[in-house]
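# Geometric and topological summary
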Amino acid sequence: EAYSADPDKTDVKVYAHFERIAEDAVQISYFADGQSWRAQTIQGGVATPETIPAPTKEGYIFERWYEDETFETPFDLEAFMAEQDKSSIAVYARFDAICVKLTYMSQGAEHDAVEVTIESAEPTVAVPTKSGYEFIGWFEDEACETPFDYQEFFASYFTAGASDVTVYAGFARIATITYLADDAIPESQEQTVTSSTSVPAAKIPKKPGYDFVGWYR
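### Quick look at the overall build of the chain
- Summing up its helical and strand segments, the chain has 2 helices and 9 strands in all.
- Listing the helices and strands of the chain from first to last along the sequence gives β-β-β-α-β-β-β-β-α-β-β.
- The contacts in the chain between residues at least 6 apart in sequence include a share of 47% that link residues at least 24 apart.
- About 15,900 Å² of surface is accessible on the chain, with carbon and sulfur atoms providing 48% of the total.

### What about the side chain of Ser-29?
- Positionally, Ser-29 belongs in strand β1 (residues 26-32).
- Of the polar contacts made by the side chain of Ser-29, one reaches the side chain of Gln-27; its length is 3.4 Å.
- The residues contacting Ser-29, other than those within four sequence positions of it, are Arg-38, Ala-39, Ile-89, Ala-90 and Val-91.

### Some points on the sheet that holds strand β3 (residues 60-66)
- Reading across the sheet, the 4 strands line up as β2-β1-β4-β3 and stay open at both edges, with mixed pairing between neighbours. Whereas interior strands pair on both sides, the edge strands pair on one side only; in this sheet they are β2 (35-42) and β3. Averaged over all adjacent pairs, the angle separating strand axes in this sheet is 25 degrees, with direction ignored.

### A word on a nonpolar patch on the surface
- Taken together, the side chains of Ile-204, Phe-212 and Trp-215 define a hydrophobic patch exposed on the protein surface, amounting to about 280 Å² of accessible area.
- Tracing the chain through its elements places Trp-215 in the segment after β9 (189-194).
- For Trp-215, a relative accessible area of 32% translates into the label partly exposed.

### Some words on the pattern of salt bridges
- Within the structure shown, the criterion is met by 3 salt bridges.
- Two residues, Arg-94 and Glu-63, come together in a salt bridge whose shortest N-O distance is 3.8 Å. Within this pair, whereas Arg-94 is found in strand β4 (residues 89-97), its partner Glu-63 is found in strand β3, the two being separated by 31 residues in sequence.
- Residue Arg-94 is classed as partly exposed on the basis of its relative accessible area of 30%.
- Take Glu-63: its relative accessible area is 34%, and that puts it in the partly exposed class.
- Its salt-bridge partner being Asp-96, residue Arg-94 comes within 3.2 Å of it at the nearest N-O pair.

### Considerations on the environment of Thr-103
- For Thr-103, the position within the fold is in strand β5 (residues 100-106).
- Judged by its relative accessible area of 10%, Thr-103 falls in the buried class.
- Note: C-alpha distance between Thr-103 and Asp-164 (61 residues apart in sequence) is 8.0 Å.
- Apart from residues no more than four positions distant in its own chain, Thr-103 is found in contact with Glu-110, Asp-112, Ala-113, Val-165, Thr-166 and Val-167.

### Description of the pairing of β4
- With 4 bridges joining them, β1 and β4 adopt parallel strand pairing. Counterpart to Ile-28 in the pairing with β4 is Ile-89.

### Details of unusual backbone geometry
- For Asp-33, which is not glycine, the phi torsion reads 55 degrees and is therefore positive.
- By secondary structure assignment, the location of Asp-33 is in the loop between β1 and β2.
- Here Phe-71, not a glycine, exhibits a phi torsion of approximately 60 degrees, which is positive.
- Of note, Phe-71 is situated in the loop between β3 and α1 (77-82).
- Classification of Phe-71 by relative accessible area gives partly exposed; the value is 30%.

Each value, and the rule that gives it
Residues numbered from 1 in each chain as written. Predicted model: local features only at pLDDT ≥ 70, side-chain atom pairs only at ≥ 80, totals over all residues. Heavy atoms only, no water. Helix = DSSP H or I, 4+ residues; strand = E, 2+ residues; numbered from the N terminus. Contact = heavy atoms within 4.5 Å. Areas by Shrake-Rupley, 256 points an atom, 1.4 Å probe, with all protein chains shown as cover. Polar contact = N/O pair within 3.5 Å; in protein donor to acceptor, adjacent residues only side chain to side chain. Pairing = 2+ DSSP bridges. Axes fitted to C-alpha atoms, helices over the stretch in contact; angles between N-to-C directions. Patch = residues over 30% accessible without salt bridge, like charges linked within 9 Å, V, L, I, M, F, W, Y side chains within 5 Å. Salt bridge = Lys/Arg side-chain N within 4 Å of Asp/Glu carboxyl O. Buried < 20%, exposed > 50% of the residue type's maximum accessible area, 1.4 Å probe, protein only.

Here it is, written out as structure tokens:
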């Protein structure tokens, strides 16, 4: 019976329960990622014990069990059971990082491609160029509407069966706006803007005897 923190309850005694291990029994201790995962006691006469469920680790896939922590000797359960003089053993799970290909596209062509895992730092990719345009970042879609954030995108992406990823270079057209007044106002102004930014207000020119009404093309 579960014990609650009810103040009206009296003191409680609980008792340990043990089961005798047969003299010919051995134990297989399973460890995963430095922690105890399962323990399996095998009595004499058992041909093959039930399979232990595979452990899981975020961003990784379980490869197999090994007899050593350096993953040099694979553990073969059937071979172990066939041994005449078995003794208890500890085995260790090896995990392999899930890997996906990240392709960077620019102007319809592959700009770069790298393989990334949950252990990878964000790749350093050369900035793509396009004549008359300014590079404004990488996007998840070809229409360049959803910005690609490496850390956020891959935060929970690495699962079994994860597909490769393609991102696309976004560009904004560069334009120069030149503001000209008449000969009586020799100073002019220039602004370099892109299609992704708003146009800042230009300085209003002054002309004696006149009111400024606006800029015209």
